[in-house]
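Reading the structure
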Amino acid sequence: MRLLTRVVATAAVALLLTTPAAEAAPKAEAASTRALSAGAVAAPDRFGALAAREILKAGGNAVDAAVATAFALAVTYPEAGNLGGGGFMTLYVGGKPYFLDYRETAPAAASADMYLGKDGEPVPGLSLFGNLAVATPGTVRGMAMAHKRFGKLPWARVLAPAIRYARDGFEVNAQFAGMLDNEVPARFSATNFRAHFGPMKAGTIFRQPALAAVLERIAKGGDKAFYEGETADLIVAQMGRGAQKGLITKSDLANYKAVWRAPVTADWRGYRVITAPPPSSGGIALMQMLLMKQDAAPLFKGKALNGAPYVHLVSEIEKRVFADRAEYLGDPDFVKVPVSNLIDPAYVARRAKEIDPDKPSPTKAVQPGLEKPQTTHFSIVDKWGNAVSNTYTLNGWFGSGVVVEGAGFLLNDEMDDFSAKPGAPNMFGVVGGSANAIGPGKRPLSSMTPTILTKNGRAAMVIGTPGGSTIFTSVFQVLADVYDFNLSLKAAQKQMRFHHQLLPENTIFTERFAPPAPETKSALERSGYRLVEYPGIGDIEAIQVIDGKPVPEADPRARGVAMVVK
């Protein structure tokens, strides 16, 4: 699925955990040697892309445009765009890498056993639907912090597109209408979801006045107008409604903090890869996969892209990555995460030697080696060469199904990303250990992998995707297709995607959009795999920069839009 080469004679990958948070924000306009012929955006819907274009044309930079897109998607892409969720932003500004963690946090009243029944086992659905599934949202504070540090235009200006979409309405897309008709399951029956998001017909105008009022308060009062005051009161009041009470208090909201962290950076194939650190597992997993594939190069020699032998070998790599993820990764503010050890070349090379070239390794034999497909992503570059890769989420489609009465926005079900019980799978079938146990103020482990590749000080690729546990495997595949197999980004987006993780045992998830060839499917089944079809894996929104010109590409699997902005 993806590729790698070492660029130093010792075969060492340079892991740079520098922390630029204390530095003054650089002047974006000063980056003339990194300047591009135009700006660009790849967003999951037309309205998010138009918001970015509007802000770039008004003289805003990539961060301004990213904030505008994030708020716009909270209106027009409510299945994942959000005010009531959280996420990660990877930035390249003024020639320097940055990473902002605005992941949700567990409320102060949360406890490790809060989703277990009397039998000590997780209660089905308790961490997924309704008030108790909701973690303290981080999106609004994260956007405010990014804008305060790097934004160029006034805060109210970048919120203007979102306010307009909410107040005046937007035209409902057929895909969104179909989700409301067909994909909103009965599990939301105990919430107030249907009262706010009833069935809609494509082409109708959807107006959200309560949400517009919330956005107007934020535009005037900044993030404080979300975490305190009227909006905070509405969120807390929502926690007390219904049979299942939530845990978020006014104190949880007022005390929420987004965090500038050092990104994981490494050299690969002449590029600097800038990606997500813990509490994301995605950056570490992506680098492990890239390195392991390179170490196993003799096994991959002559294997056709997405043929049965290729799929098997990549699945062997993924199985080991997920074993490490379950054991070692969690919120770095609570547990020590061995980042450098996990992507150390010697360690990864040892793991690559464990690959069985012919058949699936027994799942029980794949141990840690050291001593929700439902997010959304957008990528943006500006004419000064700054870049933003942003992934944020409500976790499941439409989150917990809970809409804040009087405010009109959905709340997340992010508590499901914790380990309700060590070894028990979450909604994506991914198991976790004690490192990802629930704790007050703790951030759940994530697979979100907003990534930027640079070369010679200039952004070369800005990429990311939704997809729960399939996120980093999808990003890996597109990078491999582009850089290993020399496909164009457009062609890489159309390729088959597949996903394998530690559990369910020997199961490869394929997709309806680009399914495996019949002979590939048969060969994998003969070797012991079970293939399970998904409607689509990932929604890659990416921008490749070629000779100073941005080439944005939206994933053909969904309703994304890519634009060059001159």
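By the naming in an unreviewed UniProt entry, the protein goes by Glutathione hydrolase proenzyme and is assigned to Caulobacter vibrioides OR37. Check the Sequence similarities (unreviewed entry) section of the UniProt entry for the protein; it says "Belongs to the gamma-glutamyltransferase family." Quoted straight from UniProt, the Pathway (unreviewed entry) entry for the protein says "Sulfur metabolism; glutathione metabolism."

1. Regarding the sheet that holds strand S3 (residues 96-102)
Strand order in this open sheet of 7 strands is S6-S3-S2-S10-S9-S1-S18, and the pairing throughout is antiparallel. The outermost strands of the open sheet, each flanked by one partner alone, are strand S6 (259-261) and strand S18 (561-565). Looking at each pair of strands side by side, their axes are set apart by 15 degrees on average, direction ignored. Of the pairings in the sheet, the one linking strand S2 (residues 86-93) to strand S10 (residues 387-393) comprises 7 bridges and is antiparallel in character. Bridging from a neighbouring strand, Gly86 pairs with Thr393 of S10. Along the sheet face, helix H2 (residues 62-76) touches strand S1 (39-43), S2, strand S9 (375-381) and S10 and points at about 155 degrees away from the line of S9.

2. Comments concerning the UniProt feature "binding site: L-glutamate" (unreviewed entry) in the protein
As recorded in UniProt, the feature "binding site: L-glutamate" (unreviewed entry) lies at Arg103, Thr393, Leu394, Asn395, Asp417, Ser446, Ser447 and Gly468. Examined against the element boundaries, Thr393 turns out to sit in strand S10. What Thr393 contacts, discounting residues up to four positions off in sequence, is Ala80, Asn82, Gly85, Gly86, Arg103, Glu104, Gln374, Thr375, Glu414 and Met448. Position of Ser446 relative to the elements: it lies in the loop between S10 and strand S11 (451-455). Those residues in contact with Ser446, other than ones at most four positions away along the chain, are Phe88, Arg103, Pro279, Ser280, Ser281, Gly282 and Arg325.

3. Quick look at the pattern of salt bridges
Overall, the coordinates contain 27 salt bridges when judged by the stated rule. The residue Asp223 makes a salt bridge to Arg141 at a minimum N-O spacing of 2.7 Å. Of this pair, Asp223 sits in the loop between helix H7 (209-221) and helix H8 (224-227) while Arg141 sits in helix H3 (residues 139-150), and the two are 82 residues apart along the sequence. This pair shows no difference in class: Asp223 is buried, exactly as Arg141 is. For Asp555, the salt bridge is made with Arg557, and the minimal N-O distance between the two is 3.0 Å. Assigned by exposure class, Asp555 and Arg557 land together as buried. Here the salt bridges do not stand alone but share partners, grouping Asp101, Arg261, Asp331, Asp333 and Arg443 into one network.

4. Things to note about the sheet that holds strand S15 (residues 530-534)
Taken together, the 3 strands give an open sheet; going across it, the order is S13-S14-S15, and neighbouring strands pair in mixed fashion. In this open sheet, the two strands that pair with only one neighbour each are strand S13 (499-500) and S15. Of the pairings in the sheet, the one linking S13 to strand S14 (residues 507-511) comprises 2 bridges and is antiparallel in character. Counted as the bridge partner of His499 is Phe509 from S14.

5. Regarding helix H11 (residues 282-295)
Owing to its 3.6 residues per turn, the α-helix aligns residues three or four sequence positions apart on the same side. Across its 14 residues, H11 extends 20 Å between first and last C-alpha, which sits within 8% of the 20 Å expected from 1.5 Å per residue. Burial analysis of H11 places 13 of its 14 residues in the buried class, the great majority of the element.

6. What about the UniProt feature "active site" (unreviewed entry) in the protein?
Feature annotation in UniProt places "active site" (unreviewed entry) on Thr375, given in this structure's numbering. Along the chain, Thr375 falls in strand S9. When residues no more than four places from it in sequence are discounted, the contact partners of Thr375 are Ala80, Thr391, Tyr392, Thr393, Asn395, Trp397, Met448, Thr465, Pro466, Gly467 and Ile471.

7. Notes on the packing of helix H13 (residues 308-328) against helix H18 (residues 518-526)
Interhelical geometry of H13 versus H18 gives an angle of 50 degrees and a closest axis separation of 9 Å. What the angle tells us is that H13 and H18 run oblique. Like other packed secondary-structure pairs, H13 and H18 cross with a definite hand, here right-handed. Packed against H13, whose contacting residues are Ala308, Val311 and His312, the element H18 presents Thr520, Ala523 and Leu524 at the interface. Its residues assigned to classes, the contact of H13 with H18 comprises 4 nonpolar, 2 polar and no charged.

8. Structural notes on the pairing of S9
With 7 of 7 residues buried, S9 is to be regarded as a mostly interior element. Burial of S9 is two-sided: the residues Thr375, His377, Ser379 and Val381 facing one way and the residues Thr376, Phe378 and Ile380 facing the other way are all buried. Here S9 runs beside S10; their pairing, made up of 7 bridges, is antiparallel. Opposite Thr376, over in S10, you have Tyr392 as the bridge partner. In textbook terms, the turn of a hairpin is the stretch between consecutive antiparallel strands, and for S9 and S10 this stretch comprises 5 residues, one of which, Gly385, has a positive phi near 95 degrees.

9. Side note on the packing of aromatic side chains
Applying the stated criterion across every chain yields a total of 25 aromatic pairs. Seen in terms of ring centroids, Phe47 and Phe170 are 5.4 Å apart; in terms of plane orientation they differ by 65 degrees. Their pairing is edge-to-face. Placement of Phe47 in helix H1 (residues 46-57) and of Phe170 in strand S4 (residues 170-171) is noted, with a sequence separation of 123 residues between them. With centroids separated by 5.9 Å and ring planes inclined at 65 degrees, the aromatic side chains of Phe197 and Phe206 adopt a geometry described as edge-to-face. Assigned by exposure class, Phe197 and Phe206 land together as buried.

10. Regarding the pairing of strand S17 (residues 549-554)
One ladder, built from 6 bridges, connects strand S16 (residues 541-546) with S17; its direction is antiparallel. Looking at the pairing, Ala542 lines up with Glu553 of S17. In this antiparallel pair of consecutive strands, S16 and S17, the connection spans 2 residues, and Asp547 shows a positive phi of 55 degrees.

Parameters at a glance
Residues numbered from 1 in each chain as written. Predicted model: local features only at pLDDT ≥ 70, side-chain atom pairs only at ≥ 80, totals over all residues. Heavy atoms only, no water. UniProt positions renumbered as here; feature names shortened; annotations may be inferred. Pairing = 2+ DSSP bridges. Helix = DSSP H or I, 4+ residues; strand = E, 2+ residues; numbered from the N terminus. Axes fitted to C-alpha atoms, helices over the stretch in contact; angles between N-to-C directions. Contact = heavy atoms within 4.5 Å. Salt bridge = Lys/Arg side-chain N within 4 Å of Asp/Glu carboxyl O. Buried < 20%, exposed > 50% of the residue type's maximum accessible area, 1.4 Å probe, protein only. Expected span 1.5 Å × (residues − 1). Parallel < 35°, antiparallel > 145°, perpendicular 65-115°, else oblique. Left-handed = near helix turned anticlockwise from the far one by under 90°. Nonpolar A, V, L, I, M, F, W, Y, C, P; charged D, E, K, R; others polar. Phe/Tyr/Trp six-rings, centres within 6.5 Å; stacked < 30°, edge-to-face > 60°.

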